[in-house]
Amino acid sequence: MRVIDTVPFDDQRPGTSGLRKKVARFRQPHYLENFVQSIFDCLDSHDSKMLVLGGDGRFYNREAIQIILKMAAANGFGEVRVGRNGILSTPAASCEIRKCRALGGIILSASHNAGGPDGDFGIKYNAENGGPAPERLTKKIYARSREIDGYRILDATDVDIDRIGEHRLGAMLVKVIDPIENYAGLMERFFDFDRLVALVGSGQFRMRFDAMHAVTGPYAHEIFERRLGAPSGTVVNGTPLTDFGGHHPDPNLVYASDLVAAMNGPGAPDFGAASDGDGDRNMVLGRNFFVTPSDSLAIIAANARLVPGFSAGLKGVARSMPTSGAVGRVAAALGIPCYETPTGWKFFGNLLDSGRVSLCGEESFGTGADHLREKDGLWAVLFWLSILAEKRQSVAEIVQGHWSQYGRNYYARHDYEDLDAGVAQSLLDHLRAGAATLKGRRFGGREIALCDDFMYVDPVDGEVSRKQGLRILFEDGARIIFRLSGTSTEKATLRVYLERYERASVPQNMSTDEALASINAAALEIGEIRERTGRNAASLVT
Ligand code: VG1
Ligand code: CO
C-alpha cells in the first residue's frame, strides 16, 4: 500500500449528476485519484464494507476501474462488485447496490455527454439506498477535494474484469459480476412479462430500440430480444463503443435522428425508443409521433395500475421543477400528492425512501420509480410496452386520449449551448436582480403572476436548496424557466423551459412551436437573450 502525496485541484465540485470533465482533465496525474480519495474520506466507515463499481463503457472507463479497485483495496474496503467488462448501466448499478446491501457505488459516466479521447468523462457516487449522493454529501466531498494532500493506492497488477469470477486484491475481494442478470430479474418482477411476450413476440407488433452505441445495448438485447421474443434486429446500435460511434448518446429528436427517420418513414415500426450513455434516460416515439418526456410521465402515472410493480397504486408522484405540470393533473385526479423538486435525481431520493412517492420524472427524458433510486430508461420503455399491450392502440391515440381527458401541456426546452460562462451567469444574475419588478407586467397578452428563484426545502430532512432556477409564472398557467446546466464541461448552456396549458375542451392540434411562439418571444425579451448572447434562437430544442 502506498500513500501518494498530492495537491488539491480547485475544480472538483460535483454538478447536477457527479463530476464531469474532459477526458484529458481526468487523465492528468492524481486528478481521478484525488476525487476518489475525497469520496472515501467522506464516507462514515467503509472498513470491510462493500462497494459496487461500473460504468457506461466510455473511453477511460477501464483504466479508471483499475485505479479505483486498487484505491478501494488500500482504503480498507472488504469487497468490490464490478460489472463484467467494467459495464454497469446507472439503473443496474442502483439495482446492485440495493440488492447486495452495499455501502454505495461508484458509477463512471458522463451520461449523455459525448465520449472518446476528446470527449467527456465523469464519476458519481451513489449511496446505500442506490441513489445519487445527496447534496450534503457532494458538498462535503467537494470541501474535502480542496484540502486533500494524499491518497492511498495498492501496488498491484490489474484485475481481469472481462470474466465472471473472484479475485483477491490485497485483503479485498473483487467479484466480477454479470451486469445484466439482477437488473433483468427486477424488470421481470415489476412487469408482466407474459403479457409483454404476447405483444412483442407476437409477430404482429414491431418495435425498434436504439441503444445509441451506449450501455443499454446488452441489456436491451437480453430483455427485448431474448426474454420478450422480439425479432433480432429490434435493437440497433446495440454494441457499446468507447466513443458512442462519434455521436452524442442523448435520446432526443436531434441526436437520435436515425431512429426518428425510421419512425417517420414508410413502413415505420409501431413503437420506437432510445436510451442515453448510461441507460437512465429514455425517448419514446410512435409512428410519426413524439411523446414529450413530461407527457410520458403523466401517462405512466395515469396507467400505473396496469403493471404488477404498482398494483397497490401510487403513493404520490414527483417531478423536477422545470418538468411540465402534466403529471400534477393526473395526481390531482388520483387524489395523491405531487412534489416539485430541483433538477437532478438526487432530490427524489428522500421522497422515495420515505414512501411519499412511487413515481418520479424529469423533462430531460428521465423517468423512474421506487423499484430503484435512479431514473431508468429501459424501465420506462417496458412501461410503455405494458400500456400498448393493454390498450392495443397506437402511441398517438394513447397520448391524444390522455390530452382529451386531462388537457395538454404544450412544452419545449430551448438550450443555448456553448455560451461564454460569464455571459450566461450575468444573464441569470440580471434576471434574479429584476425578478421582483416583473410581477404584473404583460407579455404577448399574458400577465406575470409570480417571478422567483426556485428554492426547495426537503420535506424529509429539511435541507434547503436555493437558486434552482428563475421561474416566471403567468396568470393563465404558462411558465418560463431559466437555469444554467450543471452537466456541461467547458462552456455554459442556458436552458429555457417553455410551457403553456390548454384545457381538455380545446382541440389539441397546434404544433408545439406554434403554441409556444409568444412565450418564446417573451423569454427572449425578458432574458435579453439576443442582446446578451448574440443568439436569435436556441441551438437545441427538445
Ligand atoms: C441534466 C438534466 C437533468 C438530469 C441531469 C443528469 O442536467 O437537465 O434533468 O438530471 O442532466 O442526467 P443539467 O444540469 O445539465 O440541466 V444524466 O442522464 O446525466 O444522469
Ligand atoms: Co444519463
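Figured I'd write up the structure that's included with this text. (Residues numbered from 1 in each chain as written. Chains lettered and ligands numbered in written order. Predicted model: local features only at pLDDT ≥ 70, side-chain atom pairs only at ≥ 80, totals over all residues. Heavy atoms only, no water.)

## Section: the overall build of the protein chain
When you go through the protein chain residue by residue, the secondary structure sums to 17 helices and 27 strands. Taken over the C-alpha trace, the protein chain has a radius of gyration of 23 Å; the compact-globule value for 542 residues is 24 Å, and the two agree within 12%. A principal-axis box enclosing the C-alpha atoms of the protein chain has dimensions of 70 × 60 × 40 Å. Out of the 542 residues in the protein chain, the part that is buried amounts to 60%. Counting only contacts in the protein chain whose residues sit at least 6 apart along the sequence, the fraction spanning at least 24 positions is 73%. Surface exposure of the protein chain reaches about 20,200 Å², of which carbon and sulfur atoms provide 46%. Counting 63 positive and 68 negative side-chain charges, the protein chain places the averaged centre of each group 3 Å from the other. (Helix = DSSP H or I, 4+ residues; strand = E, 2+ residues; numbered from the N terminus. Rg over C-alpha atoms; globule rule 2.2 N^0.38 Å. Buried < 20%, exposed > 50% of the residue type's maximum accessible area, 1.4 Å probe, protein only. Contact = heavy atoms within 4.5 Å. Areas by Shrake-Rupley, 256 points an atom, 1.4 Å probe, with all protein chains shown as cover. Lys, Arg positive; Asp, Glu negative; His and termini not counted. Charge placed at Lys NZ, Arg CZ, Asp CG, Glu CD.)

## Considerations on the coordination of the cobalt ion (ligand 2)
Surrounding the cobalt ion (ligand 2) are the protein donor atoms Ser-111 (OG), Asp-276 (OD), Asp-278 (OD) and Asp-280 (OD), at 2.0 to 2.1 Å. Mapping the donors of the cobalt ion (ligand 2) onto the primary sequence yields the spacing S-x164-D-x1-D-x1-D. Here Ser-111 is found in the loop between strand E5 (104-108) and strand E6 (120-126), whereas its partner Asp-276 is found in the loop between strand E12 (271-275) and strand E13 (282-286), with 165 residues between them in sequence. Exposure class is identical for Ser-111 and Asp-276. Each is buried. (Donors = N, O, S within 2.8 Å, 3.2 Å for Na, K, Ca; no water.)

## As for the site of ligand 1
If you check the shell around ligand 1, you find 22 residues, and the closest are Thr-16, Arg-20, Ser-111, Thr-487 and Arg-495. Asp-280 places a polar side-chain atom, nitrogen or oxygen, 3.0 Å from an oxygen atom of ligand 1. Here an oxygen atom of ligand 1 and a side-chain polar atom of Arg-281 are 2.7 Å apart. In this structure the site holding ligand 1 corresponds to the largest cavity. Residue composition of the shell around ligand 1, by class: no nonpolar, 10 polar and 12 charged. (Near = heavy atom within 4 Å. Polar contact = N/O pair within 3.5 Å; in protein donor to acceptor, adjacent residues only side chain to side chain. 1 Å grid on protein atoms, 1.4 Å probe; cavity = no way out; pocket = protein on both sides within 12 Å on 5 of 7 lines; lining within 4 Å. Sits in = over half its atoms within 2 Å of the grid points. Nonpolar A, V, L, I, M, F, W, Y, C, P; charged D, E, K, R; others polar.)

## Topic: the side chain of Thr-323
For Thr-323, the location among the structural elements is in the loop between strand E15 (317-320) and helix H11 (326-334). What makes Thr-323 buried here is its relative accessible area of 1%. Leave out the neighbours within four places in its chain, and Thr-323 touches Ser-294, Leu-297, Gly-361, Glu-362, Glu-363, Tyr-411, Arg-479 and Glu-499.

## As for the pattern of salt bridges
The full count for this structure, using the stated rule, is 38 salt bridges. In this structure, the salt-bridge partner of Asp-11 is Arg-25, at a minimum N-O distance of 2.8 Å. Placement of the pair is Asp-11 in the loop between strand E1 (2-5) and strand E2 (19-22) and Arg-25 in helix H1 (residues 23-26), with a sequence separation of 14 residues. Here Arg-25 falls in the partly exposed class, since its relative accessible area comes to 23%. Between Arg-532 and Glu-528 there is a salt bridge, with its nearest N and O atoms 2.9 Å apart. Each member of the salt-bridge network shares a partner with another, and the members are Arg-319, Glu-340, Asp-452, Arg-471, Arg-479 and Glu-499. (Salt bridge = Lys/Arg side-chain N within 4 Å of Asp/Glu carboxyl O.)

## Describing the nonpolar core
Among the nonpolar cores identified, the biggest contains 74 residues, and Phe-224, Phe-271, Trp-379 and Leu-385 are the most heavily contacted of them. With 11 residues, the single largest contributor to this core is helix H13 (residues 377-391). With near-sequence residues (within four places) excluded, Phe-271 lies in contact with Phe-205, Arg-206, Met-207, Arg-208, Met-263, Val-284, Leu-285, Val-381, Trp-384, Leu-385, Leu-388 and Val-395. Counting 46 residues, the second-largest nonpolar core is a separate cluster that includes Phe-26, Leu-53, Ile-65 and Ile-67. (Core = buried A, V, L, I, M, F, W, Y, C linked by side-chain atoms within 4.5 Å.)

## Some thoughts on the sheet that holds strand E16 (residues 338-341)
Taking strand neighbours across the sheet as the criterion, the four strands line up as E16-E15-E17-E18 in an open arrangement whose pairing is mixed. Two strands bound the open sheet, and with one partner strand each, they are E16 and strand E18 (366-369). Put simply, the sheet's adjacent strands are angled 15 degrees from each other on average, direction ignored. Bridge analysis of E15 against E16 gives four bridges, and the strand direction is parallel. (Pairing = 2+ DSSP bridges. Axes fitted to C-alpha atoms, helices over the stretch in contact; angles between N-to-C directions.)

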